[in-house]
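Structure at a glance
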Number of protein chains: 2
Amino acid sequence: MADIIHRIGIKASPAKVYAALATVEGVAGWWTKETTGESKAGGTLKFRFVDHGAEKGRMDAEVVELVPGKAVRWRVKAGPPEWIGTDVTFALSQDGDTTVVIFGHRNWREAGDFMAHCSMKWATFLLSLRELVETGKGKPAPDDLKIDNWN
Amino acid sequence: MADIIHRIGIKASPAKVYAALATVEGVAGWWTKETTGESKAGGTLKFRFVDHGAEKGRMDAEVVELVPGKAVRWRVKAGPPEWIGTDVTFALSQDGDTTVVIFGHRNWREAGDFMAHCSMKWATFLLSLRELVETGKGKPAPDDLKIDNWN
């Protein structure tokens, strides 16, 4: 098993960062505009990636943990085969005026090129999350930063 | 053992990307301005991170592989304890007008918060590498994007 892990600091309260991770509207503001479903324990979130009207990707995840101001965990149920069964995790802690987010995309079966692509993409989406929380405007797909020939 | 891996595409020839990875001047243009030493097999590269005149970090690495247009590998010999014995790797391949770089920082003993920090930092330095190669100007330290309360 292999994990993608990233650490980012956001100048905002844990409550504000948590809101961007634990609500449909929040996630739609930094990951993909096409986020729907129910962000409650046991609920399903649906993420679609659309480019010029064409669907480029989709994932469904079950919300398995929501601890206000502290933690969010999703388990991927549908999407690219490499993603199924993986967990996407966010752990929040406060250090002065900064909320530190430890992000994880965990339990990949293979640390291959697609994981390397996703690791780089997640890093840019975490910068988008920071922008959203600090400035009110992120760069969710389809306005996301393209990082390679896979998008 | 745990690895950081990232994938990025750069619109330039493999030779041009390789030059930014395999020469002291190249690395000084995207990672840290304070890069010195000899980029040849068996040579030592010295990386210093300086902020407002104060040294914030330093690493020394042995150049263990240089394959023109294809691959660069460094082995860290001195620096943060977590880094010693790790390998930093770049594998290049061409896809049309894009050079795809598979970056690795491999053989971490522990996938902890410091690795998560470094994973995020490497992602931003790879964006800096792309900027350097595509536009002529990267964002090496100390002009690097700060990503958390560890810098």
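Look up a bit, the structure's there.
In what follows, the accompanying structure is described. (Residues numbered from 1 in each chain as written. Chains lettered and ligands numbered in written order. Predicted model: local features only at pLDDT ≥ 70, side-chain atom pairs only at ≥ 80, totals over all residues. Heavy atoms only, no water.)

Section: the sheet that holds strand β5 (residues 71–78) of chain A
All names here are of chain A.
- Strand order in the open sheet formed by seven strands is β1-β7-β6-β5-β4-β3-β2, and the pairing between neighbours is antiparallel. Two strands in the sheet have a free side with no partner beyond their single neighbour: β1 (2–10) and β2 (34–37). Strand after strand, the sheet turns through a mean of 20° between neighbouring axes, direction not considered.
- Against the sheet, helix α1 (residues 14–22) contacts β1, β4 (54–67), β5, β6 (87–95) and β7 (98–108), and its axis sits at roughly 170° relative to β6. (Pairing = 2+ DSSP bridges. Helix = DSSP H or I, 4+ residues; strand = E, 2+ residues; numbered from the N terminus. Axes fitted to C-alpha atoms, helices over the stretch in contact; angles between N-to-C directions. Contact = heavy atoms within 4.5 Å.)

A closer look at the packing of α1(A) against helix α3 (residues 113–135) of chain A
Residues and elements named next belong to chain A.
- Here α1 crosses α3 at 125°, and the two axes come no closer than 10 Å. Classified by the angle between their axes, α1 and α3 sit oblique to one another. Relative to α3, the crossing made by α1 is right-handed. On α3, the residues that touch K16, V17, A20 and L21 of α1 are L129, L132 and V133. (Parallel < 35°, antiparallel > 145°, perpendicular 65-115°, else oblique. Left-handed = near helix turned anticlockwise from the far one by under 90°.)

Quick notes on the interface of chain A and chain B
- Residue-level contacts link 27 residues of chain A with 27 residues of chain B.
- Buried area between chain A and chain B, both sides added, is near 2,200 Å², and the carbon and sulfur share of it is 58%.
- Of all residues in chain A, the largest losses of buried area upon contact with chain B belong to A:I5, A:R7 and A:M120, amounting jointly to 33% of the total for that side.
- For the interface between chain A and chain B, the tally reads two salt bridges.
- For the salt bridge of A:D148 with B:R7, the shortest nitrogen-to-oxygen distance reads 2.9 Å.
- At the surface where chain A touches chain B, the tally comes to 18 residue pairs in polar contact (both at pLDDT 80 or more). (Buried area = accessible area lost by both parts, 1.4 Å probe. Salt bridge = Lys/Arg side-chain N within 4 Å of Asp/Glu carboxyl O. Polar contact = N/O pair within 3.5 Å; in protein donor to acceptor, adjacent residues only side chain to side chain.)

What about the sheet that holds strand β5 (residues 71–78) of chain B?
Residues and elements named next belong to chain B.
- A sheet is described by the order of its strands in space; here seven strands give the open sequence β1-β7-β6-β5-β4-β3-β2, paired in antiparallel fashion. Each edge of the sheet is formed by a strand with only one pairing partner; in this case those strands are β1 (2–10) and β2 (34–37). Neighbour-to-neighbour, the strand axes of the sheet open up by a mean angle of 20°, direction not taken into account.
- Strand direction decides the pairing type here: β2 and strand β3 (residues 44–51), joined by four bridges, are antiparallel.

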